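Given next are the chains, with one letter for each unit.
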Protein chains: 2
Amino acid sequence: MKRIAIDMDDVLADITTRLIEITNERRNTNYQKDQLKDPVIFQEYYAEYKQIRACLYETGMFRNLPVFEDAQDVVKKLQEQYEVFIVSAATEFPKSLTEKLEWLEEHFPTIGWQHTVFCGHKHMIKADYLIDDHEKNLVKFEGTPLLFDAPHNYHLEGYQRVYSWKEIEGLLLPQ
Amino acid sequence: MKRIAIDMDDVLADITTRLIEITNERRNTNYQKDQLKDPVIFQEYYAEYKQIRACLYETGMFRNLPVFEDAQDVVKKLQEQYEVFIVSAATEFPKSLTEKLEWLEEHFPTIGWQHTVFCGHKHMIKADYLIDDHEKNLVKFEGTPLLFDAPHNYHLEGYQRVYSWKEIEGLLLPQ
């Protein structure tokens, strides 16, 4: 059975939407997610975001993030044909750990603690596929990397980019 | 650089000593760690331990465990010649996660969150060595498994057994 490693933030959990909300609240800005596809606007937003990045260490930050469309349905289907691990670079944020466990239990109850991995680096994870939004994780991966599209990775080239969970379904579960 | 994955409980952190204390307190018994080398006494103890195993889910359980002798010194030396990851099957115990991070920061500050892994299964970890006390983790490991001696693994055969961190130093850092 082939193995898939799936990142959480900006792959299963739409943290960017929440970070835009927090940026707008705390920096008195008015960014919308769609605007961030424009690299110039993204860079402006990112400068503001860096001022509020410390919110990632706050209690509650990771517990109530929205789930990406179709992620629950497709992950469940993937589990029928692959060994699926959730691999989240979470150890940087101590308070995120139990919140992420609870979030997974709520939205992806078929994963279970056995297939949940919280780490820093990911290059010691052995899998056939890694679905992730960050180059630092994909670049050293020895299987097939899939770049999940996100505003902050618009500039990355050389990776197969996926835009939605439906697209992942078509790619990894062809009819 | 070769990579070593090191388990926490009963390899770096002497959780058995603490579990014996809790068993004695709550089951009104009087076991000493040395006695548990005797398989008959171990089985008696283990029946009592199972009655208090739920303590693993309690707050504070993992924060103040004693460190194994020489572990700090040898891990630091290993880091000079290997990439060292701490890999703990901790996601079963949600409250353990931040406590384990704090414990590592206190006793092994050179590891850092980047090289800390909390997981369930460990068979997706790619490394050259795995130092662990449980067969379930060692049996599927594709590198060289090293069995850290513990009362509960006395019956295991077919693994290279190590009894102390000084012995690991001699094995992995030969002069």
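Residues numbered from 1 in each chain as written. Chains lettered and ligands numbered in written order. Predicted model: local features only at pLDDT ≥ 70, side-chain atom pairs only at ≥ 80, totals over all residues. Heavy atoms only, no water.

**Comments concerning the relation of the copies chain A and chain B**
In step 1: The two copies are related by a screw motion: chain A maps onto chain B through a turn of 180° and a shift of 0.0 Å along the axis, at an RMSD of 0.0 Å. The superposition operator between the copies reduces to a two-fold rotation axis.
In step 2: Looking at chain A, 100% of its interface residues are interface residues in chain B too, so the copies touch through the same face. (Least-squares fit on C-alpha atoms with pLDDT ≥ 70 in both. Contact = heavy atoms within 4.5 Å.)

**Regarding the interface of chain A and chain B**
In step 1: The interface of chain A with chain B comprises 23 residues on the first partner and 23 residues on the second.
In step 2: Buried area between chain A and chain B, summed over both chains or domains, comes out near 2300 Å², and the portion from carbon and sulfur atoms is 66%.
In step 3: Contact with chain B buries area across many residues of chain A, yet Trp113, Met124 and Lys126 of chain A alone supply 28% of it, more than any other trio.
In step 4: Connecting chain A to chain B are two salt bridges.
In step 5: When the shortest N-O distance is used, the salt bridge between Lys126 of chain A and Glu142 of chain B registers 2.8 Å.
In step 6: Joining chain A to chain B, the criterion identifies eleven residue pairs in polar contact (both at pLDDT 80 or more).
In step 7: Only strand E2 (83-88), helix H4 (96-107) and strand E3 (116-118) of chain A provide two or more residues apiece to the side of chain A that touches chain B. (Buried area = accessible area lost by both parts, 1.4 Å probe. Salt bridge = Lys/Arg side-chain N within 4 Å of Asp/Glu carboxyl O. Polar contact = N/O pair within 3.5 Å; in protein donor to acceptor, adjacent residues only side chain to side chain. Helix = DSSP H or I, 4+ residues; strand = E, 2+ residues; numbered from the N terminus.)

**A look at the pairing of strand E4 (residues 129-132) of chain A**
Residues and elements named next belong to chain A.
In step 1: Residues of E4 alternate between two faces, with Tyr129 and Ile131 on one and Leu130 and Asp132 on the opposite face, all of them buried.
In step 2: Both strand E1 (residues 3-6) and E4 contribute to a ladder of three bridges, which runs parallel. What sits directly across from Ile4, in E4, is Tyr129.
In step 3: Sheet topology note: the E4/strand E5 (residues 144-148) ladder contains four bridges and is parallel. Each bridged residue has a counterpart across the sheet, and for Asp132 the counterpart in E5 is Leu147. (Buried < 20%, exposed > 50% of the residue type's maximum accessible area, 1.4 Å probe, protein only. Pairing = 2+ DSSP bridges.)

**Side note on the pattern of salt bridges**
For side chains of opposite charge, pairing can occur when their charged atoms come near one another.
In step 1: Applying the stated rule across the entire model yields 36 salt bridges over all chains.
In step 2: Within the structure, one salt-bridge network assembled from shared partners comprises Asp73, Lys77, Lys166 and Glu169 of chain A.

**Here we look at helix H6 (residues 165-172) of chain B**
Residue and element names in this part refer to chain B.
In step 1: Those residues of H6 that fall on the buried side of the exposure criterion are Trp165, Ile168, Glu169 and Leu172. Projected down its long axis, H6 shows its buried positions confined to an angular sector of 105°, all on one face.
In step 2: Tucked inside the fold, the buried residues of H6 contact strand E1 (3-6), helix H3 (71-81), strand E4 (129-132), strand E5 (144-148) and strand E6 (160-162).
In step 3: Sitting at the head of H6, Ser164 places a side-chain oxygen 3.4 Å from the backbone nitrogen of Lys166. (Arc of directions from axis to C-beta.)

**Describing the nonpolar core**
In step 1: Formed by 94 residues in total, the largest nonpolar core has its most connected members in Ile6, Leu78 and Trp165 of chain A together with Ile6, Leu78 and Trp165 of chain B.
In step 2: If near-sequence neighbours (up to four positions away) are discounted, Trp165 of chain A is found in contact with Ile6, Val11, Leu12, Phe68, Glu69, Asp70, Ala71, Val74, Val75, Leu78, Ile131 and Phe148 of chain A. (Core = buried A, V, L, I, M, F, W, Y, C linked by side-chain atoms within 4.5 Å.)

**What to know about unusual backbone geometry**
Residue and element names in this part refer to chain A.
In step 1: Non-glycine residue Asn28 carries a positive phi angle of around 55°.
In step 2: Relative to the assigned elements, Asn28 resides in the loop between helix H1 (15-27) and helix H2 (39-52).
In step 3: The exposed category is assigned to Asn28, whose relative accessible area is 73%.
In step 4: Although it is not a glycine, Asp70 sits at a positive phi angle of roughly 70°.
In step 5: Examined against the element boundaries, Asp70 turns out to sit in the loop between H2 and helix H3 (71-81).

**Thoughts on the packing of aromatic side chains**
All names here are of chain A.
In step 1: Applying the stated criterion across every chain, the model contains 24 aromatic pairs over all chains.
In step 2: Judged by centre distance (5.0 Å) and plane angle (65°), the rings of Tyr57 and Phe93 are edge-to-face. In this pair, Tyr57 sits in the loop between H2 and H3 while Phe93 sits in the loop between E2 and H4, placing the two residues 36 residues apart along the sequence.
In step 3: Ring-pair connections join several aromatic residues into one group, and the members of that group are Tyr31, Phe42, Tyr45, Tyr46, Tyr49 and Tyr154. (Phe/Tyr/Trp six-rings, centres within 6.5 Å; stacked < 30°, edge-to-face > 60°.)

**Structural notes on the confidence of the model for chain A**
In step 1: Per-chain confidence: chain A averages 97 in pLDDT, with 100% of residues scoring 70 or above.
In step 2: For this predicted complex, the interface score ipTM comes out at 0.95, alongside a pTM of 0.96. (pLDDT = per-residue confidence, 0-100.)

**Quick notes on the side chain of Asp7 of chain A**
Residue and element names in this part refer to chain A.
In step 1: With respect to the helices, strands and loops of the structure, Asp7 is situated in the loop between E1 and H1.
In step 2: On the basis of relative accessibility, which here comes to 5%, the residue Asp7 falls in the buried class.
In step 3: Among the polar contacts listed, one links the side chain of Asp7 to the side chain of Lys122, at a separation of 3.0 Å.
In step 4: With residues up to four places along the chain from it excluded, the contact list for Asp7 reads Leu12, Val87, Ser88, Lys122, Ile131, Asp132 and Asp133.

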